[in-house]
Amino acid sequence: MYLFMPNKNILFITTFNPYLQVNGAYQRTHHLFNALKQYGNVDILFFNTNNERIKTEDSNMFTYDIKLKCTLQTRISSYIHFYTPAIIMTTDSQCHRIYKKTIQQKKYDLIVCRYIYTAIMCGIKNYSNVVIDVDDLPWYHHFHNSKNHAYSWIRRLFFLFKYKAIKMQSLKIMSKCKLCYTANPQDCLTSNTLYLPNIPSIFANENYLPQSNKNILFVGFMGYPPNYQGIDHFIQNIWNKVYPYHTDSSFYIVGKGTPQTLKVKWEKNPNIHVLGYVDNLEDLYKKCCIAVVPIYNGAGTNIKVLEALAMKKICVASQFATKGFDQHFSHGKDILIAKSDNEYIQYLIEVLNTPEKFISIATQGYYSILNHYTKDNILTIIKKTLFQ
């Protein structure tokens, strides 16, 4: 699919600062922005909705502090108008004015939006030259909740209604776009949607030799429900059954946002350390031999799997956490994939018994990352689909 020649004017619209890499959403924004810069003149329209302190010398980055209003009235309106994009996001009047003024002042050949909600927030109507990086499907959270029997049947019915409405509106918008990208090949649901993989932002040196120890690591944004729910399940159903066999092992949980009640609960267990945000993640990776990814719901793909392999860790992941990676990672070759709690327990005990026997898996996983999940892979896809 060939759309544009190089050196075109590009407007990149995002609510994530492309110069930060604090979690997966920021990292993907950063890599996409850098890829676009290789082939075009990029202006950034950054709607700062998270009250970030912005430090950049980029004269082409236009920052606007936006406080999105989510009132009861707007919520009710979105449910009444479920057949419109408002079910996903309401158009913000300030963002719309800024967007219109920006495209009136300069002609852009291509407008690239991070997420569908960003395009709706700006009130975009003409999608003929718009590329949306959908990333994670916006309806998956509601789809998952509609099947969660922890909720009452009324709540599940509500989630089912919202899931179907959001999916319908999202697919309508995606089909109007020049092009869309998703982070999971299984999420390419329209003819104009292509797979743009996530990639890790840190890599071990090729000459680095992984350590054989009993330190286990999890890295992720802990304010995200699938992450803290997964870790809570892991501690209760897996860690507490593994630890009695290896009382000299330690489990480190890294990432900001852990709910305080869960932090207190988890640290009552032996040798569990909830560290929050750490300044030097690479050093902590080097101190640990094993990385776990016990994720059981959520959308997109888990960049924490890629990051663990890129740092030459023995990665033990739930089957759900590896969705979207099937074509490049194999169980027992690049990674250990647990299909049940019992398998997770078994694999961890085996690795902790003799971690040196599993170093070859960590090494093979590392080379699979180098072959398929690097900046060069992103550049190739962006060049082929947008600039040739």
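Quantities reported herein were computed from a predicted structural model and do not represent experimental measurements.

Engineer: Account for the overall build of the chain, with residues named and values stated.
Structural biologist: Counting its regular elements, the chain contains 13 helices and 13 strands. Taken over the C-alpha trace, the chain has a radius of gyration of 22 Å; the compact-globule value for 388 residues is 21 Å, and the two agree within 12%. Once the C-alpha set of the chain is aligned to its principal axes, its extents read approximately 65 × 50 × 40 Å. By residue count, 53% of the 388 residues in the chain fall in the buried class. Taking the contacts inside the chain whose residues are at least 6 apart along the sequence as the reference set, 69% of them involve residues at least 24 apart. In the structure as shown, the chain presents an accessible area of about 18200 Å², 51% of it carried by carbon and sulfur atoms.

Engineer: Go over the packing of helix α1 (residues 24-37) against helix α13 (residues 375-386) with me, naming the residues and quoting the values.
Structural biologist: Direction vectors running N to C along α1 and α13 enclose 55°, while the axes themselves pass 9 Å from each other. For the element pair α1 / α13, the angle class is oblique. Of the two possible hands of crossing, α1 and α13 adopt the one that is right-handed. Residues His31, Leu32, Ala35 and Leu36 of α1 pack against Lys375, Ile378, Leu379, Ile382 and Leu386 of α13. Classifying every residue of the contact of α1 with α13 gives seven nonpolar, one polar and one charged.

Engineer: Please set out the side chain of His328 residue by residue, giving values where relevant.
Structural biologist: Relative to the elements of secondary structure, His328 occurs in the loop between β12 (314-318) and β13 (336-338). Side chain to side chain, His328 and His372 meet in a polar contact 3.4 Å long. Residue contacts for His328: discarding those within four places in its chain leaves Asp334, Ser368, His372 and Tyr373.

Engineer: For the side chain of Asn145, give the residues involved together with the corresponding values.
Structural biologist: As for its placement among the helices and strands, Asn145 is situated in helix α5 (residues 140-146). In this structure Asn145 comes out as buried when scored by relative accessible area, which is 5%. With residues near it in sequence (within four places) discarded, Asn145 still touches Tyr151, Arg156 and Phe159.

Engineer: Now, about the sheet that holds β12: what can you tell me, with residues and values included?
Structural biologist: Spatially, six strands are ordered β10-β9-β8-β11-β12-β13 in an open sheet, and the strand pairing comes out parallel. A strand with exactly one partner marks an edge of an open sheet, and here the two such strands are β10 (272-276) and β13. On average, adjacent strands in this sheet sit at an angle of 25° to one another, irrespective of strand direction. Bridge analysis of strand β8 (residues 215-219) against strand β11 (residues 290-293) gives two bridges, and the strand direction is parallel. Its bridge partner being in β11, Ile216 is matched across the sheet by Ile290.

Engineer: I'd like a rundown of the pattern of salt bridges, residues and numbers included.
Structural biologist: Using the criterion set out here, one finds eight salt bridges in the structure. The shortest N-O distance in the salt bridge between Asp135 and Arg28 comes to 3.8 Å. Placement of Asp135 in strand β5 (residues 130-135) and of Arg28 in helix α1 is noted, with a sequence separation of 107 residues between them. Residue Arg28 is classed as buried on the basis of its relative accessible area of 5%.

Engineer: Provide a residue-level description of the confidence of the model for the chain, including the pertinent values.
Structural biologist: Averaged over all residues, the pLDDT of the chain is 90; the fraction at 70 or higher stands at 94%. Of all secondary-structure elements in the chain, the lowest mean pLDDT belongs to helix α2 (residues 72-80), at 63, while strand β4 (residues 110-114) reaches the highest, 97. Low confidence marks residues 1-5, where pLDDT is under 50. Its contacts with residues over four positions away, or in another chain, come to 18 contacts.

Engineer: Please give an account of the packing of helix α7 (residues 225-242) against helix α11 (residues 341-353) that cites residues and values.
Structural biologist: Following both chains from N to C, one finds α7 and α11 inclined at 45°, their axes separated by 9 Å at the closest point. Taken as axis vectors, α7 and α11 run oblique relative to one another. Considering how the two elements wind past one another, α7 and α11 form a crossing that is right-handed. Contacts between α7 and α11 pair His233, Phe234, Asn237, Ile238, Lys241 and Val242 from the former with Asp341, Tyr344, Ile345, Leu348, Ile349 and Leu352 from the latter. Here the residues of the contact of α7 with α11 are counted per class, giving eight nonpolar, two polar and two charged.

Engineer: Account for the nonpolar core, naming residues and giving values.
Structural biologist: Leu36, Phe251, Ile253, Leu348 and Ile382 are the most contacted members of the largest nonpolar core, which totals 75 residues. Excluding residues within four positions of it along the chain, Leu36 makes contact with Ile10, Phe12, Val42, Val112, Ile382, Leu386 and Phe387. Among the nonpolar cores identified, the runner-up in size contains 33 residues, and Leu45, Tyr108, Tyr163 and Met174 belong to it.

Engineer: How would you summarise the environment of Gly230 if you had to cite specific residues and measurements?
Structural biologist: Looking at the element boundaries, Gly230 is found in helix α7. In this structure Gly230 touches Pro225, Pro294 and Tyr296, once residues within four positions along its chain are discounted.

Engineer: Run through the pairing of β5, naming residues and quoting values.
Structural biologist: Burial runs high along β5: six of the six residues are buried. The side-chain alternation of β5 yields two buried faces, one formed by Val130, Ile132 and Val134 and the other by Val131, Asp133 and Asp135. Pairing analysis gives four bridges linking β4 to β5, with the strands arranged parallel. When the sheet's bridge partners are listed, Arg114 is paired in β5 with Asp133. Of the crossover connections in this fold, the one passing from β4 over helix α4 (residues 116-121) to the parallel β5 is right-handed. The pairing of β5 with strand β6 (residues 179-182) spans four bridges and is classified as parallel. From the neighbouring strand, Asp135 faces β6, where its bridge partner is Thr182.

Definitions and limits used
All chains use their own residue numbering, which begins from 1 and follows the written sequence. At least 70 in pLDDT is required for a residue's local features to be given in this predicted model, at least 80 for side-chain atom pairs to be given and counted, and no such filter applies to totals for whole chains, interfaces and linings, which use all residues. Excluding hydrogens and water, the side-chain values take into account all heavy atoms of the structure. Secondary structure elements follow DSSP: runs of H or I of four or more residues count as helices, runs of E of two or more count as strands, with numbering from the N terminus. As defined in this context, the radius of gyration uses C-alpha atoms, and a globule is described by 2.2 Å times the residue total to the power 0.38. For the exposure calls, accessible area comes from a 1.4 Å probe over protein chains only, and a residue counts as buried if that area is under 20% of its type's maximum, exposed if over 50%, partly exposed in between. By definition in these notes, contact holds between two residues if any of their heavy atoms fall within 4.5 Å. Residue exposure ignores everything except the shown protein chains as possible cover, and the areas themselves are Shrake-Rupley values with a 1.4 Å probe. Under this scheme, a helix contributes an axis fitted over its contacting stretch, all axes are lines through C-alpha atoms, and angles between N-to-C directions fall in the 0 to 180 degree range. Roughly parallel means an angle under 35 degrees; roughly antiparallel means over 145; roughly perpendicular covers 65 to 115; every other angle is labelled oblique. Note on convention: near helix rotated counterclockwise from far helix by under a right angle means a left-handed crossing. Clockwise means right-handed. Under the grouping applied here, Gly and all other residues not named as nonpolar or charged are polar, the nonpolar ones being Ala, Val, Leu, Ile, Met, Phe, Trp, Tyr, Cys and Pro and the charged ones Asp, Glu, Lys and Arg. Whenever two N or O atoms come within 3.5 Å, that pair is a polar contact, provided that in protein one can donate a hydrogen and the other can accept it, and provided that, for residues adjacent in sequence, both atoms are side-chain atoms. Two strands qualify as a pair provided DSSP detects at least 2 bridges between them. For this analysis, a salt bridge means a side-chain nitrogen from Lys or Arg found within 4 Å of a carboxyl oxygen belonging to Asp or Glu. A residue's pLDDT is the predictor's confidence in that residue, given on a scale from 0 to 100. Only buried residues count toward a nonpolar core. Its members are Ala, Val, Leu, Ile, Met, Phe, Trp, Tyr and Cys residues joined through side-chain atoms within 4.5 Å. Orient the strands so they point away from the viewer; a crossover is then right-handed if the path from the first strand over the helix to the second runs clockwise.

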